[in-house]
Structure formats: structure tokens, C-alpha cells
Amino acid sequence: MWTKRAIAVLVAVVMAICVIPVSDASAESSVQETLVDAGYVESSESFFYYAKFGISGFPLTGGSVSGDKPTTDGVGTTIHDNTIFASFSNMSVEKNYVLSIKEIVGTSTKASVLIDLGSDTVNKTAWISIDAADKAYVNGIETEMRVVSGPLGQITESTSLEFSLIDAGNRTLDQIPANASAILSSHVDDLMDHTIILDSYITENSGNSNAIEDLGKNYGWGGSSKQYAGGKIGAPIGNYVCIFFMTNVDSPVIKVTQGKDVYEVPTENIFFNTGSTDSGYGYAYLCIDDLEGFDKENGLDSVSIYNGDKLCASYVAPVEEVEGVGPVICIGAIIIAALVVLIYVVLNKKGGM
């Protein structure tokens, strides 16, 4: 009998230590609308891949890597060079939303538009090409847009953008004032340096499979079509840091840090959607086996992307891909649980439980 109770204790302790608590209903109901990302992208191809694999994933483009291309199929045909975009999550299906975009030069608002985001979905990405400022799209579908003050399009190094999400209520687009109160808002400065780091991993390229290529496929890389970096991306056997990003910087400098040590990614290991060293949707990798002082089991502290010496984006990197690190917590939990069972058995034999 005590064996079954001991097993019950073992299960309870392992669950208590290993399982991550799930937020309760009250916490869930307090989730607010979130601006996932917003900015300006020079290249239509860059934004296409970023929207498809970085922001919204396959649902935005029909669920097929080959079924939608930047210029010939699906949502790619609605994306143009010089695109201003914003992406939101945690939206209420019961609300009607409007996106306000203001283009600011110096201290003056030079252009302002309102875009109807509608309702019925919790995640939305809206974009507008400043080459064709009479059209706006929400998840690839042309939607109503109101030009409040001048067309967007004066993008320079001194330009900034202000994004605001407005609860439209029962109002139509022409009834919403340009200065309507917002649920949330955000400024994007230094548009020419605008950079987002999507993700980073430490992974092992074992030789049995091309881990560098396989990991890249999750982000639209590694295919045989020209639009996917012009061919397959691979690397010799070894341990690598893999970094996915989107940038307006033509020749970014990418660095990873561990403790006080800083390591720079070689230029030849930085790839873009065009297959050339140019601004765009990017994938970079760095072999860490020969880096002096680098301990792969400790993971990364950060990944940073620069335009020369100017920091454009920084990202705290996860360590879950490092072999041997992930199981440590669970193994520790099992050891603790086994000790608890041992104590339980001893006390039971002595009549203490």
C-alpha cells in the first residue's frame, strides 16, 4: 500500500517542480491589446518574408511556402517597396479597431492616415505602401483608409512614425478625429536603421542532417527557389549560433555576447532574402566551437545588430536549443522527488506516516 502512496508523492513532487503554472481565468481576461511590431521596410521582398515567417506565420499567406511569392501569387502581390506596417495581437473580436499612422519630420506632423482594422480576429497586420498611398491592406485584404493630412512618403533619416490603436466603437472611419484617444501607441525613430531580431538559437550541425538549413526552413530559408536566399544554406559539422532578423541596414554588424566576451559574425555568414549583402530579411550564423572562451552550455547573453557603431537592435537569446541544458531542471526535480519518496518509505516503516 505504501508503494502506491509513494508513487503518488513522486508524481505530485515532479509535477510541482517541473510543470509551469498556467495563468488563471482572471489573469487571462486582463490581457490587453499588444503592438507586436511596427516600422518601415524599404524592400517589398523583405516585408513579404518578415510578414510571412516573422510576424504572422503561414496563416497570413495561405499555409504554403511555395504557394505564395513576393510578386506572382497571393498576398505578396499587395506588398510594395517602401512599406509602413503595424502588427497587433490580443485584440478583442467584439471591438472595431482603427490604426492611426503619423509621419513626423522634426517636430511637425507631415502626414497622417487612419486605417480600418475591423473586428472578428485577435491578430492583425496592416500595411500601406508609401508609393501608392491610396491603398491600405489588413492581412492582405484591401481595406478602407482615410487620409487625414497628406499622403505618407517623406521618409528620410530625420523621419519618425507614430502608431496608435483606436477603439472605434460604433463610429465610422470619417467620424473618428485625427487626435482620437488611443488604446496604445508607439513611436518608431531612425527608420533607416529600423531592425528587428526575430529569434536566435544555439544548435548542433551533426552531419546526419543539415541543422543550419533545417532550422532556416522554419523562417522561410533553405529552399531551392531563388526567393529563398538563392539556394540552400548549409555549414560544416559543429555548434552554431543562428540568428533571424529583418533590417533596413545595408551592411549590418552582428555581435553575440557571453559574459564579458563579444563575438562578431563574419560578413560571409550573413544572408538576405535577395541572396546578396543588402538590407532585408536576414539569417546569420556563427560557429562557436573555435571561439575563445565561449561555453556553449551557458548559452548566450545577447545578440545585437549595429549600423557601423550605432546599435539598432538587441535581443536576449534563449538557451533551450543547447544540448544538455534543457533536461537539467527536470533531472534535478526527479532527484528531489526520489529523495522525498525515500524519506516517505523510511518514515512509513518506522510508523511515522
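The structure we're discussing is the one just above.
The text that follows walks through the structure, step by step, so that each part is easy to find. Going along each chain's sequence as written, the residues are numbered from 1 onward. At least 70 in pLDDT is required for a residue's local features to be given in this predicted model, at least 80 for side-chain atom pairs to be given and counted, and no such filter applies to totals for whole chains, interfaces and linings, which use all residues. To obtain the side-chain values, all non-hydrogen atoms of the structure were included, while hydrogens and water were left out.

1. Notes on the overall build of the protein chain
For step 1, the next point in the chain: Strands are runs of DSSP state E lasting at least 2 residues, helices are runs of H or I lasting at least 4, and numbering of each runs from the N terminus. The number of helices and strands found in the protein chain is five helices and 18 strands.
For step 2, the next point in the chain: Per-residue burial for the protein chain yields a buried fraction of 45% across its 353 residues.
For step 3, the next point in the chain: In this description, contact between two residues means that some pair of their heavy atoms is separated by no more than 4.5 Å. Long-range contacts, defined here as pairs at least 24 residues apart, represent 69% of the contacts in the protein chain between residues at least 6 apart.
For step 4, the next point in the chain: As displayed, the protein chain has an accessible area near 17300 Å², and 52% of this comes from carbon and sulfur atoms. Note on classification: 1.4 Å probe, protein chains only; a residue is buried when its accessible area is under 20% of the maximum for its type, exposed when over 50%, partly exposed between these limits. Only the protein chains shown count as cover for residues, with accessible areas throughout obtained via the Shrake-Rupley method and a probe of 1.4 Å.

2. Observations concerning the side chain of Asn-269
For step 1, the next point in the chain: Within the secondary structure, Asn-269 is located in the loop between strand E14 (261–264) and strand E15 (270–272).
For step 2, the next point in the chain: Ignoring any residue separated from it by four or fewer positions in sequence, one finds Asn-269 in contact with Tyr-283, Ala-284 and Tyr-285.

3. Details of the sheet that holds E15
For step 1, the next point in the chain: Should DSSP find at least two bridges between two strands, the strands are taken to pair. With antiparallel pairing, the four strands of this open sheet are ordered in space as E11-E12-E16-E15. Each of the sheet's edge strands pairs with one partner strand only, and the pair in question is strand E11 (195–205) and E15. In this sheet, adjacent strand axes meet at a mean angle of 20 degrees when their direction is disregarded.
For step 2, the next point in the chain: Where helices are involved, their axes are fitted lines through C-alpha atoms of the stretch in contact, as for all axes, and angles between N-to-C directions lie from 0 to 180°. Helix H3 (residues 44–55) rests against E11, strand E12 (238–247) and strand E16 (280–287) of the sheet, and its axis sits at about 65 degrees to E16.

4. A word on the pairing of strand E17 (residues 302–307)
For step 1, the next point in the chain: For E17, the buried fraction is high: five of the six residues fall into the buried class.
For step 2, the next point in the chain: By the bridge criterion, five bridges tie strand E13 (residues 253–258) to E17 in an arrangement that is antiparallel. Its bridge partner lying in E17, Val-256 is registered against Val-303.
For step 3, the next point in the chain: Taken together, the five bridges between E17 and strand E18 (residues 310–315) define a ladder with antiparallel strand orientation. What sits directly across from Asn-307, in E18, is Lys-310.

5. Let's talk about the environment of Ser-304
For step 1, the next point in the chain: For Ser-304, the location among the structural elements is in strand E17.
For step 2, the next point in the chain: Taking C-alpha positions, Ser-304 is 8.2 Å from Ile-197, a pair spaced 107 residues apart along the chain.
For step 3, the next point in the chain: Contacts of Ser-304, omitting those with residues within four sequence positions, involve Ile-197, Val-253, Ile-254, Lys-255, Leu-311, Ala-313 and Ser-314.
For step 4, the next point in the chain: Here a polar contact is recorded for every N or O atom pair within 3.5 Å, except that within protein the pair must consist of a potential hydrogen donor and a potential acceptor, and residues adjacent in sequence are included only if both atoms are side-chain atoms. A polar contact of 3.2 Å, which involves the side chain of Ser-304, links it to the side chain of Ser-314.

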